[in-house]
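# Observations on the model geometry
One-letter residues, chain by chain:
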Amino acid sequence: MTSTDMRNEADDPGPSGYAAARLRLLGEGARSGPPRRAALAELTDDWLSGLFTAASGGLRGVSLVAVGGYGRAELSPRSDLDLLLLHDGADTEAVAALADRLWYPVWDLGLALDHSVRTPAEARRTAGEDLKVQLGLLDARHLAGDLGLTAGLRTTVLADWRNQAPKRLPELQELCAERAERQGELQYLLEPDLKEARGGLRDATALRAVAASWLADAPREGLADARRRLLDVRDALHLATGRATDRLALQEQDQVAAELGLLDADTLLRQVYEAARIISYASDVTWREVGRVLRARAVRPRLRAILGGGKPVAERSPLAEGVVEQDGEVVLARAARPERDPVLPLRAAAAAAQAGLPLSLHAVRRMAAQARPLPTPWPAEAREQLVTLLGSGRPTVEVWEALEAEGLITRLLPDWERVRCRPQRNAVHIWTVDRHLIETAVRASEMARRVSRPDLLLVAALLHDIGKGWPGDHCVAGEIIAKDVATRIGFDRTDVAVLSALVRHHLLLVETATRRDLEDPATVRSVADAVGTQSTLELLHALTEADALATGPAAWSSWRGSLVADLVKRVCAVLAGDAPDEPEAAAPTAEQERLAVEAFRTGGPVLALRAQTEPPGEEPPGEPEPLGVELLIAVPDQPGVLPAVAGVLAMHRLTVRTAELRALELPDGFAEGSVLLLNWRVAAEYGSLPQAARLRADLVRALDGTLGIATRLAERDAAYPRRRGWVAPPPRVTVAPAASHHATVIEVRAQDAPGLLFRIGRALEEAGVRVRSAHVSTLGSNAVDAFYVTAPKGAPLPGEEAASVARMLEDTLRA
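These numbers come from a predicted model, not from an experiment.

Reading the values: rules and limits
Note on numbering: residues in each chain are counted from 1, in written sequence order. Note on the predicted model: pLDDT of at least 70 is required for a residue's local features to be given, and 80 or more for side-chain atom pairs to be given and counted; whole-chain, interface and lining totals, by contrast, use all residues. Only hydrogens and water are set aside; all other atoms, that is, all heavy atoms of the structure, feed into the side-chain values. On a range of 0 to 100, pLDDT expresses the predictor's confidence in each residue. Between two residues, a contact is recorded if the distance between any of their heavy atoms is within 4.5 Å. Surface patches are drawn from residues lacking salt bridges whose relative accessible area is over 30%; two like charges belong together within 9 Å, two nonpolar side chains (Val, Leu, Ile, Met, Phe, Trp, Tyr) within 5 Å. Surface exposure here means Shrake-Rupley accessible area, sampled with a 1.4 Å probe, where a residue is shielded only by the protein chains that are shown. Each salt bridge in this description consists of a side-chain nitrogen of Lys or Arg and a carboxyl oxygen of Asp or Glu lying within 4 Å of one another. For the charge count, each Lys or Arg is scored as positive and each Asp or Glu as negative, with His and the chain ends excluded. By convention, the charge on Lys lies at NZ, on Arg at CZ, on Asp at CG and on Glu at CD. Secondary structure follows DSSP: runs of H or I at least 4 residues long count as helices, runs of E at least 2 residues long count as strands, and numbering of each begins at the N terminus. Partly exposed residues are those whose accessible area sits between 20% and 50% of the maximum for their type, while under 20% is buried and over 50% is exposed, using a 1.4 Å probe and protein chains only. Contacts described as polar in this section are N or O atom pairs within 3.5 Å, which, within protein, must combine one atom able to donate a hydrogen with one able to accept it, while residues neighboring in sequence count only if both atoms come from side chains. Only buried Ala, Val, Leu, Ile, Met, Phe, Trp, Tyr and Cys residues count toward a nonpolar core, and they belong to the same one when joined by side-chain atoms within 4.5 Å. The criterion for strand pairing is that DSSP finds at least two bridges linking the strands in question. Here the axes come from fitting lines to C-alpha atoms, over the contacting stretch only for helices, and the angles between their N-to-C directions go from 0 to 180 degrees.

## Observations concerning the confidence of the model for the protein chain
Keep in mind that low pLDDT regions are not for reading the predicted coordinates in detail. Residues with a pLDDT of 70 or more make up 90% of the protein chain, whose mean pLDDT is 87. Counting interchain partners and residues more than four positions distant, the pLDDT-below-50 stretch residues 614–626 has 13 contacts.

Laid out in structure tokens, this is it:
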């Protein structure tokens, strides 16, 4: 059916004709995007105009006006209709009756309606009091009735906006900043609000308002296309959900991607992020220009008085060769020649970051258009300027974004294209891959004085996740890319080897520290063999911390830091040739012996709780940060101890970080027998720790089978909120080859849930193996745990038996 046919069908002023034509239009697969939005707006215009004509009965001095998004003719399938009934105030009763005859048919169709009835004076007064009303009126569009009334209001509102711009634009900027603080940045969110988040449709509308003020204008290249892409995604979201929503939830992303003909949800998010990045950058540039113009207006009268009417000359301060500062921005010197100076973009960027100033949009665009590519390998100055840029701290982010907005980053580092705007579907990560790399460099700059080669640390930080744009293990892919990039940048062969090793092993320290037994010589020696030298270990330690801090709050803690530091200390000793191959078994402490004796005498569990903090001097000034609580438990040797303890801790909402189990022979003078000693490090999920007496009472009941742990944990698990339409990836259990000479290491990767450790412990008990120690690590919603298990007599499991236990455990967790 053609648009004309639809309009004819909608000519009926009743809702049925419009509803049928609207439904048919939205069901047309061949028409989408701007054409469908325009057609829907035109169809709605015709229907409302017909309603107005039929309902007004020749009433004069009245007009129907579309404002806001409808005024811009940007109707998504579930958009509100923003309408203003404008009148001259001559017959208010007749206008009120007309309003009822207009609004009720809209409501009868179930359409959302934002409506008002005002005279031009009332509309003008309300706009002066309410910035949001004024923004809506800037897009006012006549639908029906007295055209002169609408035109007069538009002229007045625009004039007011331009006259009041010095006052209203700062208000608008503050409104945008508050919304960004509340909603976050669209270009990094896994479930973004397409309208309200920073870089979304609200910001695009704000840029239109700034342009309408004639005070400043946004960079237009790519802006209209970015706005169109976000509107297209919102259209598809409305059709996929059947709701008027702007929140792109995870469970809807695949359907929205299919509606838009995209490959998958990641492709969808990447397009959304790219559009948001363009709008965010345009906003930054525009608000900076607004501030500059307003400051100039405030200063100009005083300068004119001082200079006797002469035109003031902007002061220019040199920053680097070919680079100066002017009006709070970094610009190119008059003598700069980008076409003859290929290092100029990096020099200008480094100077801007060092000075903490933004790069001028004009300067970036001129360099992007005229600068020659750098030769391969880069000259030493280019490499030094890149390191300076990366080492400048927080200002690096804004400068890097300016270069990236104009394509200079991918010109310098072609491999950057694969990670640009790439989403990370992991709750631990709060940034896209490319922003995470820059954040890591910012964090690494704070550690530059801890290492002997800060240049290698900063470049490794920039490149450590560069392999995430390729299939397979990103550490392996990244090592290859890092070699190529480091060679192109101009590092020598030795430095290239160090950089590629840092990228290859950037997860080694934290994964080993949190998932392996640091008392096992095989653990420490494997890390030493991978790292090779103490200088590389020093760099890897700093990179590990910078990477974790740049990932998000869940990725680093004092506990993780202490484990990594302990591992680094042990590896350093091995590399220095001072570490013994086989440490002697640690003798039990006096407290451990006391607990073991008491457990034997009472025939039941005894325990002790002790808070742990950083040693003096390890933490910043102030109160030491708790690393958790050490929980010592002694129990007469019997089956089922591990699942019983794990279950009780889960019931009391205690998070297990590490767990070590050992059989302790009783001192002379006691009957033959042994006591199991469990050394756990735990932390409360929230609130305070439970009393030791309560833990012991529950543990007694758990061991005699009267507590019903499995039932209680299942009830709690059922009460956990579930994400609609989302299914967790299946658990995976593997055997880590050659991870220990004394035990078999079984790794479990699963969705974290209450009682997970209890289920694992019970399954291992049923398999007839002994757990020597457990190393528990939780990243967001993912548990990554390692269990050192042996046969009943203490030897590692044979290969086939270990594989069988892993398969059994995986089947149990999948059930």
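## A look at a negative patch on the surface
Judged by side-chain charge, D88, D91, E93 and D146 come together as a negatively charged surface patch. By secondary structure assignment, the location of E93 is in helix α5 (residues 92–108).

## Examining the pattern of salt bridges
Note that side chains of opposite charge can pair when their charged atoms are close. Within this structure, the stated rule accounts for 51 salt bridges. A salt bridge links R365 to E221, with the nearest nitrogen and oxygen atoms 3.0 Å apart. Taken together, the positions of R365 in helix α15 (residues 361–370) and E221 in the loop between α10 (201–212) and α11 (223–241) put the pair 144 residues apart, joining distant regions of the chain. Overall, the relative accessible area of 58% leaves E221 in the exposed class. With its nearest N and O atoms 3.2 Å apart, the salt bridge here joins E800 to R807.

## Topic: the environment of H115
Secondary-structure assignment places H115 in strand β3 (residues 113–118). Here H115 is in contact with L83, W103 and W107, once residues within four sequence places are set aside. Here the side chain of H115 touches W103 through a polar contact of 3.4 Å, side chain to side chain.

## Here's the deal with the nonpolar core
By size, the foremost hydrophobic cluster in this structure holds 93 residues, and its most contacted members are L359, W378, W400, L413 and W416. The residues contacting W400, other than those within four sequence positions of it, are L386, L389, L390, I409, L413, W416, I438 and L462. In this structure, V641, A646, L676 and F758 belong to the second largest nonpolar core, which totals 52 residues.

## Quick word on the pairing of strand β1 (residues 62–66)
Here β1 lies mainly inside the structure; five of its five residues are buried. Of the two faces of β1, the one carrying V62, L64 and A66 and the one carrying S63 and V65 are both buried. Pairing of β1 with strand β2 (residues 81–87), which is carried by five bridges, proceeds in the antiparallel orientation. The partner of V62 across the bridge, within β2, is H87. Bridging between β1 and strand β4 (residues 141–145) involves four bridges; their strand directions are antiparallel. By the bridge assignment, S63 is partnered in β4 with G145.

## Describing the sheet that holds strand β7 (residues 329–332)
With antiparallel pairing, three strands are arranged side by side in an open sheet as β5-β6-β7. Of all the strands in the sheet, just β5 (316–320) and β7 have a single pairing partner and so form its edges. Recorded for the sheet is a direction-independent mean angle of 40 degrees between the axes of neighbouring strands. As defined by bridge partners, strand β6 (residues 323–326) adjoins β7 across four bridges and the pair is classed as antiparallel. Following the sheet pairing, V323 is matched in β7 by L332.

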